[in-house]
Amino acid sequence: MRFPRLVHCLLYPILLLTVAPGCQSLHVYRPVTVLVRDAETKKPIPDAEVHFSYPMTRDSLAPYNSSSKSGPDGLARLRAAPYGPYGLLMETTAPGYQAENRDIAGDEIREIPPALPFQDAEVRPVSFVVDMYAEPRFAVELVVPPGYRGVIRADIQIDDNAPVTPGERGFRFDVPNDGALVVKGPPTLRRVSPSDYHCRYAGGDLLPGKPDLVTVGFRWLKRDGSVNYFVVGTKNECDQARRRLAPNQAGSHIGGGQYDDEDSHSGRRGRRSH
């Protein structure tokens, strides 16, 4: 009787290893058609790479990732499955275009009917549309008066009804002597995080983003609602401005706003959004 028990002990873990990866195939996958097009011309973009992943699910039972390239018609065909309360991340890249990331809720996937037996995936309607902007990347530049040193208070206002000029990638705003201004623009202005704004003296070069004890630079300090605070100055002047704006705080939240500290400034760049 000892031999059958030994066989049982050996076969059981092997069976688990065999079945566990197969659980991913037990999900009800939906065929998903994604249309990738130019955001300004609305023409389809061929050879765009679309990738589905499930970053919020670390479980080995999560659905399989899926990738596909768009054809001449801009259509990429993938598959996705709803899993728990989380959705998926759709990442889209194409040569000559700015990458696009979008979070898709699980309910959006559940609304897509599963494929019927022998159904042609190419007749499925478009599930999602990805509008991509051609390079170069969008940029916002603040122009300060010659010799300006101190805090800049910028009230950022996005006008969703403002017309978007095709091909416009740069936005330039003049800062008055008192440092207070309204940064107002079309929806594409939203594509630039205030922490990625640039600054220059009128008629001069861009100011460095990391000032030192001698060099005058430009830094984002904090956000409070639609108002963002920046500073032009040396490292000591930047530190003094930061302490004035948050005399009792060294953390990341001040009065409902977000606050910059020197160590986390560079880490904020490149975070997915749009």
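All of these numbers come straight from a predicted model, not from anything done at the bench.

Trainee: Lay out the overall build of the protein chain in plain terms, naming residues and giving numbers.
Mentor: Each helix and strand in the protein chain was counted, giving 3 helices and 16 strands. Sorting the 274 residues of the protein chain into buried and exposed places 39% on the buried side. Look at the contacts in the protein chain between residues 6 or more apart in sequence, and 67% of them connect residues 24 or more apart. For the protein chain, the computed accessible surface area is about 15900 Å², with 55% contributed by carbon and sulfur atoms.

Trainee: Just give me the short version of the sheet that holds strand E8 (residues 139-144), but keep the residues and values in it.
Mentor: Spatially, 3 strands are ordered E10-E8-E12 in an open sheet, and the strand pairing comes out parallel. Each edge of the open sheet carries a strand with a single partner, namely strand E10 (170-174) and strand E12 (198-201). Neighbour-to-neighbour, the strand axes of this sheet turn through a mean angle of 25°, independent of strand direction. Examined bridge by bridge, E8 and E12 share 4 bridges and lie parallel to one another. Paired with glutamate 141 across the strands is histidine 198, a residue of E12.

Trainee: Help me get a handle on the packing of aromatic side chains, residues and values and all.
Mentor: Overall, the coordinates contain 3 aromatic pairs when judged by the stated rule. Plain terms: the ring middles of tyrosine 197 and phenylalanine 230 are 5.7 Å apart, the flat faces sit at 10° to each other, and that makes the pair stacked. Of the two residues, tyrosine 197 sits in the loop between strand E11 (180-185) and E12 while phenylalanine 230 sits in strand E14 (residues 227-233), which places them 33 residues apart along the sequence. Ring centres of phenylalanine 218 and phenylalanine 230 lie 5.3 Å apart, and the angle between their planes is 15°; this geometry places the pair in the stacked category. Remark: phenylalanine 230 occurs in strand E14 and phenylalanine 218 occurs in strand E13 (residues 217-224); sequence separation between them is 12 residues. In this pair, the class of phenylalanine 218 matches that of phenylalanine 230, namely buried. Each residue in the set Tyr197, Phe218 and Phe230 is aromatic and connected to the rest through ring pairs, giving one cluster. Above the plane of the ring of tyrosine 29 lies arginine 79, whose end atom (NZ or CZ) is 4.0 Å from the centre.

Trainee: Just give me the short version of unusual backbone geometry, but keep the residues and values in it.
Mentor: The peptide bond linking glutamate 135 to proline 136 adopts the cis configuration, its omega dihedral lying at 10°. Mapping proline 136 onto the fold places it in the loop between strand E7 (128-132) and E8. Non-glycine residue aspartate 47 carries a positive phi angle of around 65°. Given a relative accessible area of 40%, aspartate 47 falls into the partly exposed group.

Trainee: How would you summarise the pattern of salt bridges if you had to cite specific residues and measurements?
Mentor: Here the structure, examined in full by the defined rule, presents 13 salt bridges. When the shortest N-O distance is used, the salt bridge between arginine 169 and glutamate 40 registers 3.0 Å. Of this pair, arginine 169 sits in the loop between strand E9 (150-158) and E10 while glutamate 40 sits in the loop between strand E1 (30-38) and strand E2 (49-53), and the two are 129 residues apart along the sequence. For arginine 169, a relative accessible area of 9% translates into the label buried.

Trainee: Tell me what's going on with the sheet that holds E7, and back it up with residues and numbers.
Mentor: Read across the open sheet, the 3 strands follow the order E4-E1-E7; overall the sheet is mixed. Edge positions in the open sheet fall to strand E4 (75-80) and E7, since each of these has one partner strand only. Ignoring strand direction, the axes of neighbouring strands in this sheet form an average angle of 30°. With 6 bridges joining them, E1 and E4 adopt antiparallel strand pairing.

Trainee: Requested: an account of the environment of glycine 170, with residues and values cited.
Mentor: For glycine 170, the location among the structural elements is in strand E10. On the basis of relative accessible area, glycine 170 is assigned to the partly exposed category, the value being 48%. In this structure, the C-alpha to C-alpha distance between glycine 170 and leucine 189, residues 19 residues apart in sequence, is 9.0 Å.

Trainee: Break down the nonpolar core for me, citing the residues and quoting the values.
Mentor: Membership of the largest hydrophobic core comes to 26 residues, with the highest contact counts inside it found for Leu142, Ile152, Val183, Tyr197, Phe218 and Val232. For this core, the secondary-structure elements that each account for two or more residues are E8, E9, E10, E11, E12, E13 and E14. Leucine 142 has contacts with Ile152, Phe173, Val175, Leu181, Val183, Tyr197, His198, Cys199, Arg200, Phe218 and Phe230, leaving out every residue within four places of it along the chain. If you look at the next biggest cluster of nonpolar residues, it comprises 20 residues, including Val32, Ile45, Phe52 and Ala80.

Trainee: So what's going on with the environment of methionine 56? Residues and values would help.
Mentor: Structurally, methionine 56 can be placed in the loop between E2 and strand E3 (66-69). In this structure, the C-alpha to C-alpha distance between methionine 56 and leucine 89, residues 33 residues apart in sequence, is 8.9 Å.

Conventions and cut-offs
- Residues numbered from 1 in each chain as written.
- Predicted model: local features only at pLDDT ≥ 70, side-chain atom pairs only at ≥ 80, totals over all residues.
- Heavy atoms only, no water.
- Helix = DSSP H or I, 4+ residues; strand = E, 2+ residues; numbered from the N terminus.
- Buried < 20%, exposed > 50% of the residue type's maximum accessible area, 1.4 Å probe, protein only.
- Contact = heavy atoms within 4.5 Å.
- Areas by Shrake-Rupley, 256 points an atom, 1.4 Å probe, with all protein chains shown as cover.
- Pairing = 2+ DSSP bridges.
- Axes fitted to C-alpha atoms, helices over the stretch in contact; angles between N-to-C directions.
- Phe/Tyr/Trp six-rings, centres within 6.5 Å; stacked < 30°, edge-to-face > 60°.
- Lys NZ or Arg CZ within 6 Å of the ring centre and 35° of its normal.
- Salt bridge = Lys/Arg side-chain N within 4 Å of Asp/Glu carboxyl O.
- Core = buried A, V, L, I, M, F, W, Y, C linked by side-chain atoms within 4.5 Å.

Such coordinate-based values are descriptive only and should not be taken to indicate function.
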